[in-house]
Amino acid sequence: MLRIALLMLFRDRAKYVMLVVGLTFCSLLMTQQTSVFCGIMLWTTATVRNIDAKVWVFDAKVEQVNEVIPLREIEVTRVRSIPGVEWAVPLYLGIEQARLGDGSFQNVQLTGLDTATFVGRPMEILKGRVEDLRLPDAVIIDQVGVEKYRKKGIKIDIGTSFEINDKRAEVVAICHENRSFLAQPYVFTTYDRALQFAKPQRKMLSCVLAEPKLGISAKELAARISTIPGLRAFARDDLFWTTIRWYIKNTGIPISFGTVVIMGMIVGIAIAGQTFYLFILDNLRYLAALKAMGARMPILTAMVFLQSFSVGFVGFGIGAGLTTLFGLKVLKLETPPFFMPWQVPVAVAGVIMLICCFSALIGLRQIAKLEPAVVFK
Amino acid sequence: MSSEKNSALHSVAVRVDKVTKTFPNGDTPTYALREASFEALAGQLTMIVGPSGCGKTTLLSVICGTMQTDSGRIEVFGQDIGCMSDAEVTAFRSRNVGFIFQQFNLIPTLTLVENASVPLILQGWPYRKAEEKAASVLENLGLGKRLRSFPKQLSGGQQQRVAIARALVHDPRLIICDEPTASLDAKTGHHALELLKQSACRQDRCVIVVTHDSRIFSFADWIAEMEDGRVVKSCPAAEYRHA
């Protein structure tokens with residue numbers, strides 16, 4: 001009877017299309033919005049992902065990577081004094097103002113790397129060499145910066161110079177980095193030069209990057225370093241999740257996206273539930289006839305669930321497919337943010353199936369109440 | 001011709017003995033059947049007739065087990081329907097009863113052959129075999145060229161023929177017809193009954209038709225008249241018409 005159930009569904013084109021469209025819309029909305037939300041959350045952790053260090057040491061009051069409270073230079077030495085530290089280097093992170101050739105301004109994320117080791121160097125150099133950072137006024141700019149300037153009609157290439165806080169900077173390489181939350185271009189230079197570019201303060205060190213000795217985990221070392229008064233250390237993964245949790249807790253982003261996702265769910269339930277209920281009501285007479293002819297409730301239940309789940313499967317498939325196309329398109333442009341971990345489609349599929357269950361159950365309620373004798377009325 | 005003589009020729013297919021059925025209606029229940037008793041013989045077309053509201057359809061419903069009785073006993077081919085569980089009655093109906101409904105109740109999204117094969121599929125036949133059997137029955141009923149049509153593409157008479165095919169396809173021993181001519185004009189109704197009698201009536205099969213259409217009484221072998229929930233008269237059709 002399952003084939004009969006599918007034929008009854010597929011050949012009722014108007015309702016079938018409406019059910020599929022409803023669930024597609026619901027699936028698209030939930031998958032796309034959740035993926036954009038995940039993308040935004042990923043943007044907030046761009047610095048952690050761009051700089052390859054196992055342990056990050058900040059001021060004790062720092063709660064996430066984009067919030068920097070300057071430290072004293074001596075903290076590098078204090079971190080190095082902790083047993084289990086293989087090495088520790090300073091890092092400067094700050095948002096500075098760059099002035100372009102045409103006089104316009106652009107905020108940049110200035111990153112000062114340890115002059116001797118370049119720990120935290122860009123992971124992908126598209127043009128030029130990292131070692132050229134040792135040249136006077138040298139900086140490396142990322143592709144986002146190149147694109148931003150290009151849109152303003154300024155071509156950035158190796159040898160191009162501009163100003164950071166009125167001090168001359170010259171591009172020696174172009175890199176590709178993960179985009180930051182505020183979409184500001186990353187500009188890398190040496191730690192010492194970063195301090196020259198930055199506006200002077202009493203304390204200038206943003207954080208210390210450390211490497212644990214062999215046999216010591218990053219978490220363990222972070223715990224040890226955190227015993228130093230005034231310092232808080234994070235293992236890289238912990239910093240990543242702490243940052244995401246901070247944004248979830250302290251910004252309206254999850255509420256905004258959550259509202260859209262819940263709306264998608266409600267629309268799905270309303271359209272799919274109502275249409276499926278109407279579909280069952282329209283077929284009630286025939287279902288009663290089937291009951292009279294000997295179809296038992298388990299058969300009818302299987303028929304209704306199959307109809308409901310097949311609509312859900314198709315709707316989810318199209319919705320997830322459209323989201324993937326959207327993702328492929330925006331990943332090339334790198335905006336808006338988009339990240340679809342496998343958990344997103346799995347969770348959305350689960351929600352769609354719940355909607356289908358709900359729709360099937362309200363239809364089955366009618367069928368269960370149905371006396372086969374009504375076919376004679 | 002007496003009923004005794006008839007019983008000798010034909011075995012009793014359906015025996016309804018003092019069956020009562022009430023429906024709740026406030027404090028006082030409404031009696032649909034009041035100790036109704038009735039017999040239908042195999043090899044005959046039995047009509048249950050009477051005015052609207054006399055209990056014809058209720059009697060039909062209890063005979064085929066789609067409705068439970070308050071009291072009394074119903075035997076169909078020697079099996080006591082009242083003693084069966086819901087699942088047993090459903091299985092019994094699936095194997096032994098063919099239905100022809102007043103509104104035909106053909107599923108509009110299924111083709112004729114798919115509609116006619118439903119009783120076989122319910123019995124677990126493979127789709128292809130079920131459709132082959134349904135196609136051969138439809139061909140016998142003159143619908144061989146319309147197997148892949150949908151019910152709405154057919155006239156009322158043709159739809160009735162599909163309903164007859166669906167009722168016969170699984171070779172049931174009891175055929176139940178509820179007002180089979182109600183949705184048809186006189187000529188088409190007459191033709192449908194002719195076809196039903198030709199194709200359904202067999203020595204080991206009982207056909208029960210509920211109707212208030214006196215124009216088709218001539219097709220009956222036996223007529224049971226109902227009034228106010230009781231079978232008030234049960235006799236051979238010729239005798240009934242003569243009376």
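Residues numbered from 1 in each chain as written. Chains lettered and ligands numbered in written order. Predicted model: local features only at pLDDT ≥ 70, side-chain atom pairs only at ≥ 80, totals over all residues. Heavy atoms only, no water.

K.L.:
Would you mind going over the overall build of chain A with me for this structure?
P.N.:
Scanning chain A from terminus to terminus reveals eleven helices and ten strands. On C-alpha atoms alone, chain A measures out to a radius of gyration of 29 Å, which is more than a quarter above the 21 Å that the 2.2 N^0.38 rule sets for 377 residues. Judged by the C-alpha coordinates and their principal axes, chain A covers about 95 × 50 × 30 Å. Taken together, the 42 basic and 30 acidic charged side chains of chain A have centroids lying 11 Å from each other. (Helix = DSSP H or I, 4+ residues; strand = E, 2+ residues; numbered from the N terminus. Rg over C-alpha atoms; globule rule 2.2 N^0.38 Å. Lys, Arg positive; Asp, Glu negative; His and termini not counted. Charge placed at Lys NZ, Arg CZ, Asp CG, Glu CD.)

K.L.:
Can you walk me through the overall build of chain B in this structure?
P.N.:
Along its length, chain B carries eight helices and ten strands. For chain B, the spread of C-alpha atoms along the three principal axes comes to 50 × 40 × 40 Å. The burial tally for chain B puts 56% of its 243 residues in the buried class. Accessible surface for chain B amounts to roughly 10500 Å². Of this, 47% is attributable to carbon and sulfur atoms. Treating the 27 positive side-chain charges of chain B as one cloud and the 26 negative ones as another, the clouds have centres 7 Å apart. (Buried < 20%, exposed > 50% of the residue type's maximum accessible area, 1.4 Å probe, protein only. Areas by Shrake-Rupley, 256 points an atom, 1.4 Å probe, with all protein chains shown as cover.)

K.L.:
What is the right way to read the nonpolar core from this model?
P.N.:
Most often, soluble globular proteins have nonpolar side chains that are buried together. Residues Met47 and Ile208 of chain B are the most contacted members of the largest nonpolar core, which totals 131 residues. If one sorts the elements of this core by residue count, helix 9 (residues 253-293) of chain A sits on top with 13 residues. Not counting the four nearest positions on each side in its chain, isoleucine 208 of chain B is found in contact with Val14, Phe38, Ala40, Thr46, Ile48, Leu60, Ile63, Leu174, Ile175, Ile176 and Cys177 of chain B. (Core = buried A, V, L, I, M, F, W, Y, C linked by side-chain atoms within 4.5 Å. Contact = heavy atoms within 4.5 Å.)

K.L.:
Sorry, what's going on with the sheet that holds strand 4 (residues 71-76) of chain B here?
P.N.:
Whenever strands of a sheet pair, they do so through backbone hydrogen bonds, lying parallel or antiparallel. All names here are of chain B. The strand order across the open sheet formed by four strands is 2-1-4-5, and the pairing between neighbours is antiparallel. If you trace the sheet from one side to the other, it starts and ends with strand 2 (30-41) and strand 5 (79-80), each paired once. With eight bridges joining them, strand 1 (residues 12-23) and strand 2 adopt antiparallel strand pairing. When the bridges of strand 2 are listed, lysine 21 appears paired with leucine 33. (Pairing = 2+ DSSP bridges.)

K.L.:
Would you explain the packing of helix 4 (residues 112-122) of chain B against helix 5 (residues 127-140) of chain B in this entry?
P.N.:
Residues and elements named next belong to chain B. Interaxial distance between helix 4 and helix 5 falls to 8 Å at its minimum, and their mutual angle equals 120 degrees. With respect to helix 5, the axis of helix 4 lies oblique. In terms of crossing hand, the pair formed by helix 4 and helix 5 is right-handed. Two secondary-structure elements touch here, helix 4 through Leu112, Val113, Glu114, Ala116, Ser117, Leu120 and Ile121 and helix 5 through Tyr127, Ala130, Glu131, Lys133, Ala134, Ala135 and Leu138. Counted by class, the contact of helix 4 with helix 5 contains ten nonpolar, one polar and three charged residues. (Axes fitted to C-alpha atoms, helices over the stretch in contact; angles between N-to-C directions. Parallel < 35°, antiparallel > 145°, perpendicular 65-115°, else oblique. Left-handed = near helix turned anticlockwise from the far one by under 90°. Nonpolar A, V, L, I, M, F, W, Y, C, P; charged D, E, K, R; others polar.)

K.L.:
Can you walk me through the pairing of strand 1 of chain B in this structure?
P.N.:
A regular strand places its side chains on the two faces of the sheet in alternate fashion. Residue and element names in this part refer to chain B. The antiparallel pairing of strand 1 with strand 2 creates a hairpin that spans six residues between the two strands, and glycine 26 there sits at a positive phi of about 70 degrees. With five bridges joining them, strand 1 and strand 4 adopt antiparallel strand pairing. Paired with valine 16 across the bridge in strand 4 is isoleucine 74.

K.L.:
Can you help me understand the packing of aromatic side chains in this one?
P.N.:
We describe a pair of aromatic rings using the distance from one ring centre to the other and the angle between the two ring planes. Enumeration according to the criterion identifies 14 aromatic pairs over all chains in this entry. Taken together, a centroid distance of 5.1 Å and an interplanar angle of 65 degrees make the contact between phenylalanine 181 of chain A and tyrosine 247 of chain A edge-to-face. Here phenylalanine 181 of chain A, found in the loop between strand 7 (167-176) and strand 8 (186-190), pairs with tyrosine 247 of chain A, found in helix 8 (residues 236-250); they are 66 residues apart in sequence, far enough to count as distant. The exposure class of phenylalanine 181 of chain A is partly exposed, given its relative accessible area of 28%. Of the residues examined, tyrosine 247 of chain A reaches a relative accessible area of 7% and is grouped as buried. Taking the centre distance of 5.8 Å and the plane angle of 35 degrees together, the rings of phenylalanine 276 of chain A and phenylalanine 279 of chain A count as tilted. Of this pair, phenylalanine 276 of chain A and phenylalanine 279 of chain A are both found in helix 9, three residues apart, which corresponds to roughly one turn of the helix. With a relative accessible area of 2%, phenylalanine 276 of chain A lands in the buried category. Positioned above the aromatic ring of tyrosine 127 of chain B, the side-chain terminus of arginine 3 of chain A is 5.1 Å from the ring centre. (Phe/Tyr/Trp six-rings, centres within 6.5 Å; stacked < 30°, edge-to-face > 60°. Lys NZ or Arg CZ within 6 Å of the ring centre and 35° of its normal.)

K.L.:
How should the interface of chain A and chain B be read in this particular structure?
P.N.:
Interface size, as often reported, equals the accessible area lost upon joining of the parts. Facing the 24 residues of chain A at the interface are 31 residues of chain B. Counting each side, the surface lost to burial between chain A and chain B is near 2500 Å², with a carbon and sulfur contribution of 68%. Looking only at chain A, the three residues that lose the most surface to chain B are Arg11, Met293 and Phe376 of chain A, adding up to 32% of its buried area. For the interface between chain A and chain B, the tally reads two salt bridges. The salt bridge involving arginine 11 of chain A is made with glutamate 114 of chain B; its shortest N-O contact spans 2.5 Å. Our enumeration of links across chain A and chain B arrives at eight residue pairs in polar contact (both at pLDDT 80 or more). Breaking the side of chain A that touches chain B down by element, the ones donating at least two residues are helix 1 (2-10) and helix 9 of chain A. Among the elements that take part in the side of chain A that touches chain B, helix 9 of chain A stands out by supplying seven residues, more than any other. Taken together, the residues of the side of chain A that touches chain B break down into 16 nonpolar, one polar and seven charged. (Buried area = accessible area lost by both parts, 1.4 Å probe. Salt bridge = Lys/Arg side-chain N within 4 Å of Asp/Glu carboxyl O. Polar contact = N/O pair within 3.5 Å; in protein donor to acceptor, adjacent residues only side chain to side chain.)

K.L.:
Please explain the sheet that holds strand 9 (residues 222-227) of chain B as it appears in this structure.
P.N.:
All names here are of chain B. A sheet is described by the order of its strands in space; here six strands give the open sequence 6-7-8-3-9-10, paired in mixed fashion. The outermost strands of the open sheet, each flanked by one partner alone, are strand 6 (97-100) and strand 10 (230-236). Strand-to-strand, the axes of this sheet are offset by a mean angle of 20 degrees, without reference to chain direction. Inspection of the sheet shows strand 3 (residues 45-49) paired to strand 9 by four bridges, in the parallel sense. Bridging from a neighbouring strand, methionine 47 pairs with isoleucine 223 of strand 9. Packed on one face of the sheet, helix 6 (residues 156-168) meets strand 6 and strand 7 (174-178) and runs near 170 degrees to strand 6.

K.L.:
So what exactly am I meant to see when it comes to the domain arrangement of chain A here?
P.N.:
Residue and element names in this part refer to chain A. Each assigned domain of chain A is listed here: domain 1 (2-44 + 252-376) and domain 2 (46-250). Measuring from the centre of the C-alpha atoms in domain 1 to the corresponding centre in domain 2 gives 46 Å. Each side of the interface is counted separately: domain 1 has eleven residues, and domain 2 has 13 residues. In this assembly, domain 1 packs against domain 2 so that about 1100 Å² is buried in total across both faces, 60% of it on carbon and sulfur atoms. Taken together, the links from domain 1 to domain 2 amount to zero salt bridges. (Domains from an automatic or database assignment.)

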